[in-house]
Amino acid sequence: MSALRWGRGAAGLGRALRIPGRRCLPTEEGAVGPRGRRRTSSACPREQDRQKEWGRAELLEVLEARVRQLQAESVSEVTVNRVDMARLRESSFQPPAKAEVGAGGSIPGVRGRWAEKLDKERQTMQKRKRRLEVKLQARAQRLAQEQLPAALQVEPRRLSGQMAGCLQRWARGSLGNPWEEQLAQVLREAPRKLSRQEEQALEDRGPEARLSNQQQKLLAFFECCLHSGHLPLAHHVLVTYHGRVQQQQLLTLTMYNTVMLGWARKGALKELVYVLVMLKDSGLAPDLQSYAAALQCMGRLGQEATTIKRCLKQMAQDGLQLPDLLALPMSVEERAAILCAVHKAKPTFRPSPRPPAPVNTSPLLREIYAKDGPVSYPKLHLPLKTLEGCFQQQLQVELATSIQVKSVEKEQPLTAEVLQARKTLKDLRARWEAALGRALQDTKAELARVAHRGRPTLYPYLCLLSERDFVQLLMQVLQELPPQGESLIHLAYELGLRVFNRHVVQNRQRDEQVQALWQRYRQYLQLLACDAQVAEPCLPRQYWEALGASNPPEAPPEQPWPLPVLLQLGKQLAELLVQAVQMPRSLAGPQSGCQLIPVLYHVYSFRNLHQVGFLKPHPAFSQLRAAAAERVLTFEAVELPMLCPPVPWSSPHTGAFLLTPTKLMRAVEGTTQHQRLLERCPPTTLHGALDTLTQLGNCAWRINGQVLDLVLALFTAKGCAPLGVPPPPSEVSRPPRACLQPGASPAHKAEVRRELARWLKAARELHSLRMDALRRLSLAQHLRHRVFWLPHNMDFRGRTYPCPPHLSHLGSDLARALLEFAEGRPLGPRGLDWLKLHLVNLTGFKKREPLSARLAFANTVMDDILDSADRPMTGRQWWRDADEPWQTLACCMEVARAVRAPDPAAYISHFPIHQDGSCNGLQHYAALGRDSVGAASVNLVPSEQPQDVYSGVAAQVEVFRAQDAARGVRVAQVLEGFVSRKVVKQTVMTVVYGVTRYGGRLQIEKRLRELHAFPQEFVWEASHYLVRQVFNSLQEMFSGTRAIQHWLTESARLISLMGSAVEWVTPLGIPVIQPYHHVSKLVINGGIQSMTVSSSGDSSQKPNTLKQRNGFPPNFIHSLDSSHMMLTALHCYRRGLTFVSVHDCFWTHAADVPIMNQVCREQFVRLHSQPILQELSQFLVKRFCSEPRSLKLSKNLQRVKLLETLLSVPETGAFDLEQVLRSPYFFS
């Protein structure tokens, strides 16, 4: 009984004890009567005492009865004051006899009515209790049933009358096994007739349709069940979804085929027929994959030829051809089973040989793939035996999926405290591994119960790896977690991605792909090894494909899991860490009875006005790790450079690492439109990009040990921020101490908070820089005496990037200085001069001087160069004032070794020499528009001295400023003497890439604030003025450039207004689509936190017009500079050069710089000799203006306006591109 009900019963006690014949029982003196006024009793004192005693006795009796009732019914809401009850029992008063109470027997009547009321209420409560017991028993039985795995369904439900009749006839059929007959019959059955709404829904589920997040998760669930051995569970979920009208709309042909393929591999014909029945019942028609599954199943079972013939006949009637079926990607075992079935029906059938590989016919690539003409493809400097050993080392790294590297942090002495901390940490880790294993088992059991009820869960994903693998992965993540914590979204994504990579590696290992890879790779090394020869020289991709030509098409690659699955899986694993990993509250004393506390805490923090969930380690755990001073870092295999040449890129799925999956085109997670474009491309159109990525990855590297030693000395000491070496935590400034007085003003308090926030931000950034440097230097030390390779991929514009993130040439000055070519080449007659010129270019001292003056300057400062090489930290340190100090120092050391060699021309140099484009974006604009004035400004025209476009723009701005100052414009007068190259350079550089006036103003404002002599009160006004003048100067100097930029911008605006993202194809055939759409939010509910992921790359959303229009000009120019780089790379490779690039900065050996310069200029002229703008216009018209007329007038008007804009290609000038061939400063 509730407390409220008990209170109401006590309040009505007076009414129950009233004496008949009286209005009410007299109350004590001073009590408030029913009407709220004071009353006094007219009885004598003796009678009043007797009435009080009787009332107390009666009340005691009723309360005791009520207490016994409540105790019997186990009502926990009421508590009785036992002390008062005991006190009443021990009192000396005795209740008066019933005869003394009254003559009328009224009192017994009162007690009888109260007893009846109690009995009635007791009966009511007993009935309620019985009903509650029945409900609890039913609930307990239901829970007990839920604890047991539900029976998995096999037969389809809720079929149409047509298909249900088939199943009923089969059930009444022969007693034997009629399933082969039923397979042929169901293949003959026409798909169920669909309603108009269902037909529209079916079109939306077509092969070209984009799957929703829910469909992506469902398809990934079915595929995961196949890999984890839970095919009956996948079939059960498929039957459940098919039996529900709303959920059936989510099923696609690929999902049915996936489950059919699983049953085909097991030779389960009955279950395969059931899936085929559901496929036809949903209105779908079997495709090549469906027939492949059926034939494979019959081939494994050894079915009779009659059934197989009927199956092949039905396939032909459906318009599907057997050669096309055999061209599908599948494993060797699957192909053998299909051929076994086919040979029974057609004994003379032989698969047609694979056609010869098609050749790219692009006019720009015709020379690359021509069979005639001299070629001298380079070979590696390593023999075959060494390269085979390199392969085995890389294979072991990828099979382990991670590797531990010794840290370069300063080693701590092994004191008693350090040893004790390591022992404690070791004991805790053993406990945590056991706890994580138990928690993982419980989680899998719970998810399995839910999945058996027909709901897709994470259960099959948690079965892909062994429990030991999962525990080791979680322990690795726990060890890597920084003291400031990590956002849950980032942690979840990393965990999900690592599980996927480990699954793919183990799956390939189980399928015996490793042995096949080794056999093919060992033959491929014949092309690269310095002591091996091949019959005919060819490109690495061509040779790799030729090695696999005799083999059937490879099995389809593992499809990446959708982003929701990665996040859900990673979140589930992160929650296991939070729940299972605990440590004693006190690590100093005995831990047997010590209270346990979580090691990880889930907290919230604000980042850019957004609340972000973090997993943060307990300070005690962080202190324990610091005290243990373990000098080990763990890296994933994909984070390390490769120890052998990468696998050649041969498709959008195959290339780079040996086993670990790698994307050909990197993109924001969750975007799939880039991959769909690549897969729809004819294979030959991607050959130029694939061969370039392979060639860039085949460049062998090594560590510059001398530079590494100097950097490590600084890193383990106090660091050096000006040289890019972050200081250790001991050297970081302390947080500001500000004592707030009680009467401090709000403004003062706000300033103190801002100062502390700035310090925290700076401390976090410094810690991040320190950890980044630690990883880079530790990897460099680990690879010090090894040769390694950097596999490459590209972004959606075709720009190339090394895959390893920590150590590559696409990094800072320090990162580039650590690397040099593993293969050396003699300097030759002019190599030393190029070394000196490169050194001067790195210093930045003579940017506007001709090459002769730079070479003379290098000879003049030779003493400083040699001093820097001999005494880099104790000498005059001339190198520290350079723009790129570490690369300058490395070049000083190389020059010193060369000039001191007996014969500098014979000196073997490993040093890479750079040739950088002169404002490369404007160079492409000037060439597109044949703009003579712009071409001269960016060194497309031969000249005695290099033209500096930034200085030219600054000079033009100064002219405008002087004119305005003469007219009395105040801000122009203030800016006198402050308009310099440095102030305008960043804005001029980024105008080409779409910077707006707002962004340009911020850039100039930052430069003006760095000028201490400039009056800061005019910064805002002056930045507005200068950005306007910069744009005016560019308009005057690059009129053709601005016209092309405006045409691209307006075209993109109109395309996006029509609801499409801008697409185009680069001159080398790479399809490009801009991933700028309105933000879509993906919400992952449940658990310790709901996660919301915002993405602008979701192609199902409307395009973002502003980003589409602003992004088209710079992205189009980037696609041109990537095309120029790829052409240069391929032609340099054809001529035997070592070549790598950082976008528009090309690297090669010093002796080969003249050849690279010649190739670079020739390919720029060839590229821009094509009608690029005209071909772009034709493509856009065909892509966006060839749809049928719409019923909406506004849509038709938009299409007409777009067509007019696309056809009005900007006119070009009279600049002669051949002049580029003679321009010494085009790339220099």
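Owing to the predicted nature of the structure, the values given are computational and were not obtained by experimental measurement.

Enquirer: Describe in detail the packing of helix α43 (residues 1039-1057) against helix α46 (residues 1172-1184), supporting the description with residues and values.
Expert: Where α43 contacts α46, the two axes come as close as 12 Å, and the packing angle between them is 10°. Judged by the angle between their axes, α43 and α46 are roughly parallel. Contact residues: I1044, W1047, L1048 and I1055 in α43; L1173, L1176, S1177, L1180 and F1184 in α46. Looking at the contact of α43 with α46, its residues break down into eight nonpolar, one polar and no charged.

Enquirer: Describe the pattern of salt bridges, with residues and values.
Expert: Across all of its chains, the model carries 36 salt bridges by this definition. Here E636 makes a salt bridge to R498, at a shortest N to O gap of 3.9 Å. In this pair, E636 is assigned in strand β7 (residues 632-636) and R498 in helix α22 (residues 488-510), connecting sequence segments 138 residues apart. Overall, E636 belongs to the buried group, its relative accessible area being 6%. Close ionic contact of R797 with D795 constitutes a salt bridge, the shortest N to O distance being 2.7 Å. Among the residues examined, R797 registers a relative accessible area of 13% and is labelled buried.

Enquirer: Give a detailed account of helix α21 (residues 467-480), specifying residues and quantitative values.
Expert: Here α21 spans 20 Å end to end across 14 residues, near enough to the 20 Å set by a 1.5 Å rise per residue. Those residues of α21 lying buried are F470, V471, L473, L474, M475, Q476, V477 and L478.

Enquirer: Which residues make up the confidence of the model for the protein chain, and what values do they have?
Expert: Averaged over all residues, the pLDDT of the protein chain equals 83, while 85% of them reach at least 70. Considering only residues more than four positions removed or in separate chains, one finds that residues 73-110, a stretch of pLDDT under 50, has 33 contacts. Overall, residues 204-209 carries pLDDT values under 50, and its contacts beyond four positions in sequence, including any with other chains, amount to nine contacts.

Enquirer: Explain the nonpolar core residue by residue, including any values.
Expert: Membership of the largest hydrophobic core comes to 140 residues, with the highest contact counts inside it found for L658, L940, L975, F1014, L1026 and F1116. Broken down by element, the residue count for this core peaks at 11 residues, all from helix α44 (residues 1105-1134). Among residues more than four places away in sequence, those in contact with F1116 are L928, L1048, W1064, I1172, L1173 and L1176. Membership of the second largest hydrophobic core comes to 95 residues, among which are A220, V239, L272 and A448.

So, how was this worked out
Residues numbered from 1 in each chain as written. Predicted model: local features only at pLDDT ≥ 70, side-chain atom pairs only at ≥ 80, totals over all residues. Heavy atoms only, no water. Axes fitted to C-alpha atoms, helices over the stretch in contact; angles between N-to-C directions. Helix = DSSP H or I, 4+ residues; strand = E, 2+ residues; numbered from the N terminus. Parallel < 35°, antiparallel > 145°, perpendicular 65-115°, else oblique. Contact = heavy atoms within 4.5 Å. Nonpolar A, V, L, I, M, F, W, Y, C, P; charged D, E, K, R; others polar. Salt bridge = Lys/Arg side-chain N within 4 Å of Asp/Glu carboxyl O. Buried < 20%, exposed > 50% of the residue type's maximum accessible area, 1.4 Å probe, protein only. Expected span 1.5 Å × (residues − 1). pLDDT = per-residue confidence, 0-100. Core = buried A, V, L, I, M, F, W, Y, C linked by side-chain atoms within 4.5 Å.

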